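# Fold and geometry: a report
If you want the building blocks of each chain, they are given just below.
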Amino acid sequence: MTPPLAPLAADHPLPALLRRHRRVLLLGAPGSGKTTLAKAAAARLAEEGCPCRCLSADPGLPGVGPPGALGLGAWNGDHWRLEALVALCTLDASRFRLPLAEAARRLAGEAPPGLLLVDAPGLIRGGGAAELLMALATAADARALLAIAPADAPLPLTDECRGLGLPLERLAPASAARHSGKRQRRLQRSAAWNAWLADAIESTLSLDDLAVLGTPPPREPPEAWRGRQIGLLDAHGNTLTLGESIALEGDRLRLRTPPFEGRMHALVVRDAHRDGEGRLATAAPYRPIPAAPAPPELSVALPSTARSDNHRPVIRLEAATATLINGVFGDPLLHLRLHRQRRQLLFDLGDAGRLPARLAHRVGDVFISHAHFDHIGGFPWLLRSRIGDYPPCRLFGPPGLAGHVAAQVDGVLWDRVGDKAPRFEVAELHGARLERWIVIAGRNTRRLPDAPAPDGVLLAEPGFRVRAVTLDHGTPVLAFALEPAAHARVRREQLAARGVSPGPWLGELKRRVLAGEPEAPIALPGGQVRPAGELATELLVVSPGQRLVYATDLADTPDNRKRLVTLAREAHTLVCEAPFLEREADQARDTGHLTARACGEIAAAAGVAQLVPFHFSRRHAGDTAALYAELDAACQPSRRAPEADSAGAED
């Protein structure tokens, strides 16, 4: 049930602005309250006998009409009554700016004389947002602008607003206005799409008899069409309705649409689709899933040529992408982005000068091997970047880390940060438990309750966990393993063969199977109920997560080798230090480091698929060929090391 609208204040500027200029464009960031304000203004004007309409120009979650379209609505007591819509079949206002502007022009032309609010998408930064504002204002024939922005923030798209030469009012967001967050927005969008299709009927049409517009996927393979949002157009380009593809069989497209009147002449298809979890989302460009390759030999990630520049290896896993920010010679700092969890992690915190400050706002967890300067010297970057209204950043490391962090924080005067002080939760691994502290700038460091760390697990979340073992470097050092959870992929060809529509039930099936609940009942569309394990055998491909292990600064001792080999056993990628050559073994032993040969032997003993060596001694900056040759020979003693073979490294 929709909550009642809060009435506008008597002196609110929007109704007066509308009466003077007739067509007003609302501009503001997501969560600024534009859509709610448009409704409240329409309700207020209706009470005064001035009917108002709204042109909703945000296809991601429009206030009028279904997602994936622009809608024109008239206020009808307590809601917008849809009068016309134009199908875009995308949720991305920035990518498809020209079709969006043309859709706005069409709807603005259909609006009868009277008051019109244009609710713009929440794009306020970048070239795409600037272009869209100018095009949208012109297409909708806006006569004035109302920009919603906090008083202490810059005016959105300042130059473009001035360049339009329109009367401009500025308004602070309502105190209750909040960004609902990406997850909630996705849920709202999917609920709105499901409501649009609540009374849908199924039909079949021939693609060969229709013009197919937009950016449709290829017809082969046909599963690229499954779940796509489809706009049905008449001979004049008017939208008849929007629907959803069920399956493409040859040139015959089965789809679900609400009942409509009129004769189809064309379809429009872009990138909106229902994903495997039953949510309305943006489809990636279709690429066939390749057959699983045979298990590869252990490979060493080499630069394209043996040369002296500090190349930056990039490691691509199914669930994550990792980058050695400072290359193979610089301070250790591995940035890892988890795709499904939309999370970013750091392993070690050396020189962070290459990282933008905004990344520090997104990193929730940092795993520090030990507190030597080249592994923790980037902490001031993190400290400064976390000043603001941010949750605590979690740091994990060996015993003593909390003291080192607190000392760096206490070295700064914090008399002016108030409630915006940086906050850190520091956890030290002591055997099978974590000793924890809270470090807040300007306050005393406090001890928190200990937490268990069974088998070295530092962090466990639904999609992944991070495990550590303690190694010896003359001081305790942690090596880390990122362990993504197993994932399930829907066999869409089997789904089509069964004639079953995708939906939220697929997400429930995946969750049950991955949770080890094969007997859990799954309700299929149409009412049939089957056990999760039985359905999974037919419809899912379950794959283990690709593990990544990060190890640096460890002496070449039997105990260190045993511990690291156990941690890295059959991992996809081992990121491991290799500072010295075997002829420099004395230097390696004196400083507690590995040789390239030892690094390669550990990788081979662990049975990893790929070794990414790094933390090279700068004495080899002029010639890395000998390091790579020694590494490759240790990994593959039966063959000679190639001079130029790349496996995941980029400049």
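First things first, this report covers the structure right here in the doc.

Thresholds applied
Residues numbered from 1 in each chain as written. Predicted model: local features only at pLDDT ≥ 70, side-chain atom pairs only at ≥ 80, totals over all residues. Heavy atoms only, no water. Helix = DSSP H or I, 4+ residues; strand = E, 2+ residues; numbered from the N terminus. Buried < 20%, exposed > 50% of the residue type's maximum accessible area, 1.4 Å probe, protein only. Lys, Arg positive; Asp, Glu negative; His and termini not counted. Charge placed at Lys NZ, Arg CZ, Asp CG, Glu CD. 1 Å grid on protein atoms, 1.4 Å probe; cavity = no way out; pocket = protein on both sides within 12 Å on 5 of 7 lines; lining within 4 Å. Points joined across faces, edges and corners; volume = space filled by probe spheres on them. Nonpolar A, V, L, I, M, F, W, Y, C, P; charged D, E, K, R; others polar. Polar contact = N/O pair within 3.5 Å; in protein donor to acceptor, adjacent residues only side chain to side chain. Contact = heavy atoms within 4.5 Å.

### Observations regarding the overall build of the protein
For the protein, the helix and strand inventory stands at 17 helices and 36 strands. Dimensions of the protein, computed from C-alpha atoms along their principal axes, come out at roughly 90 × 65 × 50 Å. Within the protein, buried positions represent 50% of all 651 residues. Taking the 77 positively charged and 73 negatively charged side chains of the protein as two groups, their mean positions are separated by 5 Å.

### Some details on the layout of surface pockets
By volume, the second largest pocket is sized at about 340 Å³. The wall of the second largest pocket is formed by Lys182, Arg183, Arg186, Arg337, Leu338, His339, Arg342, Arg343, Gln344 and Arg362. When residues of the lining of the second largest pocket are traced back to their parent elements, those giving at least two are α6 (182-196), β19 (334-338) and β20 (343-347). The leading source of residues in the lining of the second largest pocket is α6, at three residues. Residue classes in the lining of the second largest pocket are distributed as one nonpolar, two polar and seven charged.

### Notes on unusual backbone geometry
With phi around 75 degrees, Arg22 is a residue other than glycine that occupies positive phi space. Take Arg22: it is sitting in the loop between α1 (13-21) and β1 (23-28).

### Notes on the side chain of Ser206
Inspection of the secondary structure puts Ser206 in strand β8 (residues 201-206). Within the structure, Ser206 has its side chain in polar contact with the side chain of Asp251 (distance 2.5 Å). Excluding residues within four positions of it along the chain, Ser206 makes contact with Asp251 and Arg252.

### Digging into empty space enclosed by the protein
One pass over the structure, following the stated rule, counts two cavities of 30 Å³ or more. The calculated volume of the largest cavity comes to roughly 50 Å³. What lines the largest cavity is simply Leu27, Ala120, Pro121, Leu123, Ala129, Leu132, Leu133 and Leu157. Here the lining of the largest cavity gets three residues from one element, more than from any other, and that element is helix α4 (residues 126-139). Approximately 40 Å³ is the volume found for the second largest cavity. Secondary-structure elements contributing two or more residues to the lining of the second largest cavity are β11 (239-249) and α11 (492-498). For the lining of the second largest cavity, a count of residues per class yields six nonpolar, two polar and two charged.

Read these as spatial facts, not as claims about activity.
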